[in-house]
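Chain by chain, the residues run as shown.
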Amino acid sequence: MILRLISILSVITLFVATSTLAQKYPTPESYLCYQSTTPIKIDGVLDEEDWANAEWTQDFVDIEGDKQPNPPFQTRLKMLWDKDYLYIAAELEEPHLWSTITERDAVIYFDNDFEVFLNPVPTSSQYYEFEMNLLNTVWDLMMTKPYRDGGKFMNSWQIEGLKSAVKMYGTLNDPSDKDEKWTLEIAFPWNVIAQEHPLAIFPKEDTRWRINFSRVNWDLEAKEGEYTKKINPDTGRPYPEHNWVWSPQGEIAMHMPEQWGYLHFTESKVGEKVSKEIKETEGERLHRHLYDIYYKQKKYFITNRVYAKTYEELGGVDKMYFDGEEVTPKMELTLTGFQLVLEVPQEKKIYVIREDSSTDIIEMN
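The notes below deal with the structure included here. (Residues numbered from 1 in each chain as written. Predicted model: local features only at pLDDT ≥ 70, side-chain atom pairs only at ≥ 80, totals over all residues. Heavy atoms only, no water.)

### What to know about the overall build of the protein
And step 1. Each helix and strand in the protein was counted, giving six helices and 23 strands.
And step 2. The C-alpha atoms of the protein give 21 Å as radius of gyration, which agrees with the globular expectation for 365 residues (21 Å, within 12%).
And step 3. Overall, the C-alpha framework of the protein stretches about 65 × 55 × 40 Å when taken along its three principal axes.
And step 4. For the protein, with 365 residues in total, the buried portion stands at 53%.
And step 5. Here the contacts in the protein between residues at least 6 apart in sequence split such that 66% fall between residues at least 24 apart. (Helix = DSSP H or I, 4+ residues; strand = E, 2+ residues; numbered from the N terminus. Rg over C-alpha atoms; globule rule 2.2 N^0.38 Å. Buried < 20%, exposed > 50% of the residue type's maximum accessible area, 1.4 Å probe, protein only. Contact = heavy atoms within 4.5 Å.)

Rendered as structure tokens:
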């Protein structure tokens, strides 16, 4: 619960921040996901030729980005897909293989763990969270929307047909030696994570999702031949966990889907070389930039119990530009709150964000 409490407190802090989101928060990472040539055997061992041909992500960084030093242990991953599954493989350097939780849907991040945050429909406020530890104990849940907007997690939701496996290179729960790493594989079935919008998410050329990954790592020490969490003598409690991620959030808060990375699908087979731009577009950057106004509105509401009608009431907002040309969002009050509407004629798109983080991306005629 420590991470989630920190996340909620961080989001509250964001409400009272005044810096621009697009400037304050890192640009999300992007990954080009190829089709596998054959189904992947989920055994935790990354020995398939398809995995050898898939590209690694860059190494994980601290969740706050360059505000903190890089992690001492390497973490990286690969992704593939076929007609049945989204495949994920990860390699986590770890000199102390430790894990204790064996009950499904327990709070897995009380152990060292690996987490996936997945939003197949970027315009939806609903998303999925998955966690697993070294014992391959899993926790899968669905979020109705982010905690900051009153979202609830559905712990009873299950990923039927999920496949996951772990391979450990070392000895589990034995502090007498130094271990090397652990690797994992996950297969998410389309027919479960597609249940919200089945036709919308199945990969086609240039289908684009939002996704991020987190590694929780605790400081450990050996006592009486067993690992225990290292205690801070000033508090009498364990030191806070480390949070290392693929795409930095800029805050200790994973439940900010607008900061997740971009998962870009291609129908090309792994091993083929595809040359295309998959980084964040100007329109996607502006869409994230709208959250600066969103957070100012949330701050205003906390103080005044109503949303602001004008930008002047918010103390002004920074100007937005598309390739040097200014674009101005409209702010409209609604029966339930507010919505921000940004027309980007250069892309022939309209971006919308509402008070509950629900969004629309509308094609202009």
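### As for the packing of aromatic side chains
Each aromatic ring pair is characterised by the separation of its centres together with the angle its planes make.
And step 1. Tallied over the entire structure, the rule returns 22 aromatic pairs.
And step 2. In this structure an aromatic cluster arises from ring pairing among Tyr291, Tyr294, Tyr295, Phe301, Tyr307 and Phe338.
And step 3. The aromatic ring of Trp56 is capped on one face by Arg76, whose charged end is 4.0 Å from the ring centroid.
And step 4. Taking the ring centre of Trp218 as reference, the NZ or CZ of Lys229 above it sits at 3.7 Å. (Phe/Tyr/Trp six-rings, centres within 6.5 Å; stacked < 30°, edge-to-face > 60°. Lys NZ or Arg CZ within 6 Å of the ring centre and 35° of its normal.)

### Concerning the pattern of salt bridges
And step 1. This structure, assessed with the given rule, holds 17 salt bridges.
And step 2. Two residues, Glu258 and Arg148, come together in a salt bridge whose shortest N-O distance is 2.9 Å. Within this pair, whereas Glu258 is found in the loop between strand S16 (242–245) and strand S17 (261–269), its partner Arg148 is found in the loop between strand S7 (138–143) and strand S8 (153–154), the two being separated by 110 residues in sequence.
And step 3. Note on Arg148: relative accessible area 11%, which makes it buried.
And step 4. The partner of Glu205 in a salt bridge is Lys276, with the nearest N and O atoms 2.4 Å apart. Within this pair, whereas Glu205 is found in the loop between helix H5 (198–201) and strand S11 (208–217), its partner Lys276 is found in the loop between S17 and helix H6 (282–304), the two being separated by 71 residues in sequence.
And step 5. The class for Glu205 is partly exposed, based on a relative accessible area of 32%.
And step 6. Its relative accessible area of 28% is what places Lys276 among the partly exposed residues. (Salt bridge = Lys/Arg side-chain N within 4 Å of Asp/Glu carboxyl O.)

### Some words on the side chain of Asn112
And step 1. Looking at the element boundaries, Asn112 is found in the loop between strand S4 (85–93) and strand S5 (113–119).
And step 2. With relative accessibility at 2%, the residue Asn112 sits in the buried group.
And step 3. Only 2.8 Å separates the side chain of Asn112 from the backbone nitrogen of Trp218, close enough to count as a polar contact. (Polar contact = N/O pair within 3.5 Å; in protein donor to acceptor, adjacent residues only side chain to side chain.)

### What about the nonpolar core?
And step 1. Membership of the largest hydrophobic core comes to 54 residues, with the highest contact counts inside it found for Phe114, Ile186, Phe188 and Phe213.
And step 2. Phe188 has contacts with Asp84, Tyr85, Leu86, Ile88, Val116, Phe130, Ile159, Leu162 and Ile193, leaving out every residue within four places of it along the chain. (Core = buried A, V, L, I, M, F, W, Y, C linked by side-chain atoms within 4.5 Å.)

### Some points on unusual backbone geometry
And step 1. Here the phi dihedral of Asn136 falls at roughly 60 degrees; this positive angle occurs in a residue that is not glycine.
And step 2. Residue position: Asn136 is located in the loop between strand S6 (127–132) and S7.
And step 3. Of note in this structure, Asp206 is not a glycine but carries a positive phi near 75 degrees.
And step 4. When you line up the elements, Asp206 lands in the loop between H5 and S11.
And step 5. Accessibility expressed as a relative area gives 40% for Asp206, which makes it partly exposed.

### With respect to the sheet that holds strand S23 (residues 359–363)
And step 1. Across the sheet, four strands lie side by side as S20-S21-S22-S23; this open sheet has antiparallel pairing. Across the chains shown, the open sheet's two edge strands, defined by having one partner strand only, are strand S20 (330–333) and S23. With strand direction ignored, the average angle separating the axes of adjacent strands in the sheet is 20 degrees.
And step 2. Bridge analysis of S20 against strand S21 (residues 338–344) gives four bridges, and the strand direction is antiparallel. Bridged to Met331 within S21 is Leu340.
And step 3. The strands that H6 touches are S20, S21, strand S22 (349–354) and S23; relative to S22, the one it contacts most, it runs at about 25 degrees. (Pairing = 2+ DSSP bridges. Axes fitted to C-alpha atoms, helices over the stretch in contact; angles between N-to-C directions.)

### With respect to the pairing of S6
And step 1. Within S6, six of the six residues are buried, leaving the element largely enclosed by the surrounding structure.
And step 2. Because side chains alternate across S6, one face comprises the buried residues Tyr127, Glu129 and Glu131, and the other comprises Tyr128, Phe130 and Met132, equally buried.
And step 3. One ladder, built from five bridges, connects S5 with S6; its direction is antiparallel. Pairing of Leu118 across the sheet is with Tyr128, part of S6.
And step 4. Note: S6 against S7, six bridges, orientation antiparallel. Residue pairing in the sheet places Tyr127 in a bridge with Met143 of S7.
And step 5. Taken together, S6 and the strand that follows it, S7, pair antiparallel across an intervening segment of five residues, in which Asn136 is found at a positive phi of about 60 degrees.

### Structural notes on the side chain of Arg210
And step 1. With respect to the element layout, Arg210 can be found in strand S11.
And step 2. Buried within the structure, Arg210 lacks any salt-bridge partner; its nearest side chain of opposite charge belongs to Glu280, at an N-O separation of 5.4 Å.
And step 3. There is a polar contact of 2.9 Å between the side chain of Arg210 and the backbone oxygen of Glu258.
And step 4. Of the polar contacts made by the side chain of Arg210, one reaches the backbone oxygen of Gly261; its length is 3.3 Å. (Lys, Arg positive; Asp, Glu negative; His and termini not counted.)

### Observations concerning H6
And step 1. An ideal rise of 1.5 Å per residue puts 33 Å on 23 residues; H6 measures up with 34 Å between its terminal C-alpha atoms.
And step 2. Trailing H6 by a residue or two, Arg305 shows a phi angle of about 65 degrees, which is positive. (Expected span 1.5 Å × (residues − 1).)

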